[in-house]
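The lines below spell out each chain.
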Amino acid sequence: MPHWSILGQEHITSHLGNSIAQGRLSHAYLIAGPPLSGKTTLALDIARALNCTGADPPCGGCVQCRRITLGRHADVQVVTLSPDPRTGRMRNAIAIEQVREMEQRAALGPFEGKSLAFVIDPADKLNAESANALLKTLEEPPPRVTLLLLTSLEQEVLPTIRSRCQALELKPLGQEVIAQALTREHNVAPEDAALLAKLSGGKLGWALAAAKDPKVLEGRQERLEVLLEVLGSGLERRFQVAQEMAAQFGRNRPPVLEALALWLSWWRDLLLVRAGAPQLAANADWQASIAERAARYSAEEARAVAREVLATMERLEANVNARLALDALMLAMPRKK
Ligand SMILES: [Zn+2]
């Protein structure tokens, strides 16, 4: 049996298994799914399958598979957002120079394995210029080169790129699948697994991280406490929080986007509680506090705030000024005593 690291995405692994058996893996895949849903895990699975020397690729145990798992394989290269060497500032798109460098490396072929894999992450940050430079490689890839493009914003990947890749879409996993994976494969106590599965939003990566590191749940707790604090505070404190979040976003983006995703889920839960469906709420452990606040906001107000949180996440992803976007969000949340 092949050893896929990705769990619960049988529609993808059985399809890839067939392609491997027929020796017909595509030279370019677009792997789409929300953050922490397993895009990188799947990309590395494909890289292992391409280079595996075992009987059932990806076997997970041969030297090739293990070197890829350890991040030491010279033929797995990641192309991602990086600082501009001229200014030292983080680029907001994957630059054409990066695509050219990648093509030079591609022309040399694999060094230590059978196949050279480039992980392009995020593919929605290829701008018109860099995407254009990539088209040639997508159309006529050098032999033994595979492109693995990742995105959590599939609609923002340029159509010229999308149409030249085979799409693999990660589905959110059911709570049962996540709870089972946690208890069976990671020795998490069943009651903890059930709560984590419920909180995970169908993202196994999140549930695993939370099971392994108590800081994930603590961090979640803190982020929700910041939201409640903001809701009860005046503008001075709110702008202070916006400033702290903007500074953090400048250093490391994902935690801020995760905090906003959590805030969004809190507002959705508030709407569910208002609508008399608390059992559907994602933040099961916060139900009492949400119920207490549900009466203070009208459904229209809660929907408007939820829309604004989502719009803020989209603005941040689109590289607007983070401080301005977060200040605007602070202004959009009604203050209720
Ligand atoms: Zn192997």
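Bear in mind the structure is a predicted one, so any value in this text is a computation, not a measurement. (Residues numbered from 1 in each chain as written. Predicted model: local features only at pLDDT ≥ 70, side-chain atom pairs only at ≥ 80, totals over all residues.)

A. Local environment of the overall build of the protein. Along the protein, the regular secondary structure elements total 15 helices and five strands. Over its C-alpha atoms the protein spans a radius of gyration of 22 Å, differing by no more than 12% from the 20 Å that the globule rule assigns to 337 residues. Here the C-alpha coordinates of the protein stretch approximately 65 × 50 × 30 Å along the principal axes. Out of the 337 residues belonging to the protein, those deemed buried represent 36%. Partitioning the contacts of the protein with sequence separation of at least 6, the portion at a separation of at least 24 is 69%. (Helix = DSSP H or I, 4+ residues; strand = E, 2+ residues; numbered from the N terminus. Rg over C-alpha atoms; globule rule 2.2 N^0.38 Å. Buried ≥ 20, exposed ≤ 12 C-beta atoms within 10 Å, placed from the backbone. Contact = placed C-beta atoms within 7 Å.)

B. Representation of the pairing of strand β3 (residues 116–121). For β3, a buried count of six out of six residues is recorded, marking the element as mostly surrounded by other parts of the structure. Burial of the side chains of β3 extends over both faces: L116, F118 and I120 are buried on one face and A117, V119 and D121 on the other. Inspection of the sheet shows strand β2 (residues 76–80) paired to β3 by five bridges, in the parallel sense. Looking across to β3, one finds that V76 is bridged to A117. Taken together, β2, helix α4 (residues 96–108) and β3 form a β-α-β motif whose crossover is right-handed. Pairing analysis gives five bridges linking β3 to strand β4 (residues 145–151), with the strands arranged parallel. Counterpart to L116 in the pairing with β4 is V145. Traced from β3 through helix α5 (residues 128–139) to β4, the parallel crossover comes out right-handed. (Pairing = 2+ DSSP bridges. Right-handed = clockwise from strand over helix to strand, strands pointing away.)

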